[in-house]
Amino acid sequence: MAQFYPLRDYQPNPGFKKGDIFVLFGELFNRGYANGLIDQAKAAGMTIVGITVGRRDAQGTLRPLNKDELTAAEEKLGGQIINIPLWAGYDQDPALDGTTPVDQLSKVKTSNWQTPSLDWKKIEESKQAGIARFRSASRESLKQIENLIPQGANIFFAHTMAGGIPKAKIILVLTNRVVKGQGEKFMPSGQFWASEIGKLVEDNFYSVTANTFRELLAESASIRDKVAGWGGKVVYTAYGYHGTEIQIQNQLQWQSYNPYLQGSAKIRLEEIAEEYWQQGVRATVYNCPEIRTNSSDLFSGVELSLYPLVAALRKEGTCPWLERLEKDLEKKLNPSSSLEGLLQAVEAYHSDPVVQAYYRDFAAWPKHNDAKLADLMLNASNRMMAMNQNRKDVVTDLLSEVVVQSSGVLIFCESWEPHAPVVWLGHDLIAKERIAANR
Ligand SMILES: NC(=O)c1ccc[n+]([C@@H]2O[C@H](COP(=O)([O-])OP(=O)(O)OC[C@H]3O[C@@H](n4cnc5c(N)ncnc54)[C@H](O)[C@@H]3O)[C@@H](O)[C@H]2O)c1
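The structure displayed is predicted, hence computed values, not measured ones.

The rules we used
- Residues numbered from 1 in each chain as written.
- Predicted model: local features only at pLDDT ≥ 70, side-chain atom pairs only at ≥ 80, totals over all residues.
- Heavy atoms only, no water.
- Near = heavy atom within 4 Å.
- Polar contact = N/O pair within 3.5 Å; in protein donor to acceptor, adjacent residues only side chain to side chain.
- Areas by Shrake-Rupley, 256 points an atom, 1.4 Å probe, with all protein chains shown as cover.
- 1 Å grid on protein atoms, 1.4 Å probe; cavity = no way out; pocket = protein on both sides within 12 Å on 5 of 7 lines; lining within 4 Å.
- Sits in = over half its atoms within 2 Å of the grid points.
- Nonpolar A, V, L, I, M, F, W, Y, C, P; charged D, E, K, R; others polar.
- Pairing = 2+ DSSP bridges.
- Helix = DSSP H or I, 4+ residues; strand = E, 2+ residues; numbered from the N terminus.
- Axes fitted to C-alpha atoms, helices over the stretch in contact; angles between N-to-C directions.
- Contact = heavy atoms within 4.5 Å.
- Points joined across faces, edges and corners; volume = space filled by probe spheres on them.

**Student:** Please give an account of the site of the ligand that cites residues and values.
**Tutor:** The full set close to the ligand counts 25 residues, and Glu27, Tyr33, Thr160, Thr293 and Ser295 are the nearest of them. Contact between the ligand and Ile291: an oxygen atom at 2.9 Å from a main-chain N or O atom of the residue. Note that an oxygen atom of the ligand is positioned 2.5 Å from one of the side-chain N or O atoms of Ser295. Taking 820 Å² as the accessible area of the ligand by itself, protein coverage stands at 93%. One can see that the ligand is located within the largest pocket. Classifying every residue of the shell around the ligand gives 14 nonpolar, 8 polar and 3 charged.

**Student:** I'd like a description of the sheet that holds strand E2 (residues 47–52), backed by residues and values.
**Tutor:** With parallel pairing, the 7 strands of this open sheet are ordered in space as E5-E2-E1-E6-E7-E10-E11. The sheet is open, and its two borders are formed by strand E5 (80–85) and strand E11 (422–424), each paired with just one other strand. On average, each strand axis in the sheet is tilted by 20° relative to the strand beside it, whichever way the strands run. Of the pairings in the sheet, the one linking strand E7 (residues 234–240) to strand E10 (residues 282–287) comprises 6 bridges and is parallel in character. When the bridges of E10 are listed, Thr237 appears paired with Thr284. Relative to the sheet, helix H4 (residues 120–147) contacts strand E1 (21–25), E2, E5 and strand E6 (155–159), its axis offset from that of E5 by approximately 155°.

**Student:** Could you give an account of empty space enclosed by the protein, with specific residues and numbers?
**Tutor:** On inspection of all chains with the given rule, the structure shows 1 cavity of 30 Å³ or more. Lining of the largest cavity is provided by Ser256, Tyr257, Asn258, Gly301, Ser305, Tyr349, His350, Val355, Tyr359, Leu373 and Met377. Put simply, the parts of the chain that give the lining of the largest cavity at least two residues each are helix H12 (339–351), helix H13 (353–359) and helix H14 (371–386). The class makeup of the residues in the lining of the largest cavity is 6 nonpolar, 5 polar and no charged.

Laid out in structure tokens, this is it:
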């Protein structure tokens, strides 16, 4: 497992310039992490190129974007999209008899989920079909991207792909019990993970969250050769998650959301970066803080790690920007709540001995949850959310934006001359960068 390597500083003004190419390997969603990085690439004058994961027709067949979808996606990205579907994972890929893992899962009921009798031979066939499909689509996409590279350019590949929860009702029911369940409805993540269905989910996570990075690195070897020919740089970044350092009781402490079911896939992502780094490729996984996005909203309680960003910002010293931010945060709260009250309640949660036991065990990450932790976390999450006036416009939305912007700057700057294949961005550096940028 990667050594804990938190970045403590950054060098502004990286050398990326007009005419260099920024490739987003994943789709762009409104609140997603990639927005911060793309803002930096655009500000540097880089040409933006994107990909699509494609869409599915009524029969479930993967297709490219249609004309309207492509126009909308290119407008949002601010660049050209290579319109070849790059959906990863194999849950919807047909086995030799035409059935998919999702078809098998659709027959599983809550009454028999522990003995689902999945046909693993067929699942393996789907897996191989999914690998071949993704590989050939990546190869073709990267060939088209190679043709767009002008003489003398540097290339920045930003991998964002993560996911892999099979699209089946039974999986939704089970993961909801694991990450949102309490009392009778709670299921410990370890029980789910040890099951046959859990093993299928885990393997699909590997396919989407980790193996896509390997495919990108392997299939873009000729781009590296070409760019090396004129002494240019090709850098690769991927968004990792492996806990974050935040302020608890006035101290910087590593902590994590639990249970992070994708954790083993994120560790594999780190291993892929380390493997390529040893071959001289600038591939770096940036383990980023918890924020609220389309992907993380499922995990209620993940936002509890975000509130203490206010304490980290205050530690850097106050300035009009921070005073304004605090006022804007306060405005989102009910008249009966206050920012100070909210922060104290969050601190009490993070200091609870049950929660602290998880935080003091970095080596054992990713850890499974239990009923006690789930109760504490979900009750705390609900209490803090209820302090907002409007649950659709909450304090953590604003704090997420701060982290997205800052992480964009930090990753962009670090990637010019990266220090290591796996690094962590904690609240300390996010705060340092944001206060310096806004002072
Ligand atoms: N949100 C967080 O708290 C957090 C924290 C640390 C790291 N990250 C990582 O940041 C990255 C971006 O996530 P985000 O939270 O900004 O959310 P997001 O929803 O904006 O991005 C998710 C990305 O995954 C891609 N994706 C999803 N399923 C896919 C599939 N089957 N095949 C191919 N691509 C697929 C999407 O196209 C998109 O680019 C992810 O790697 C995520 O794990 C997120």
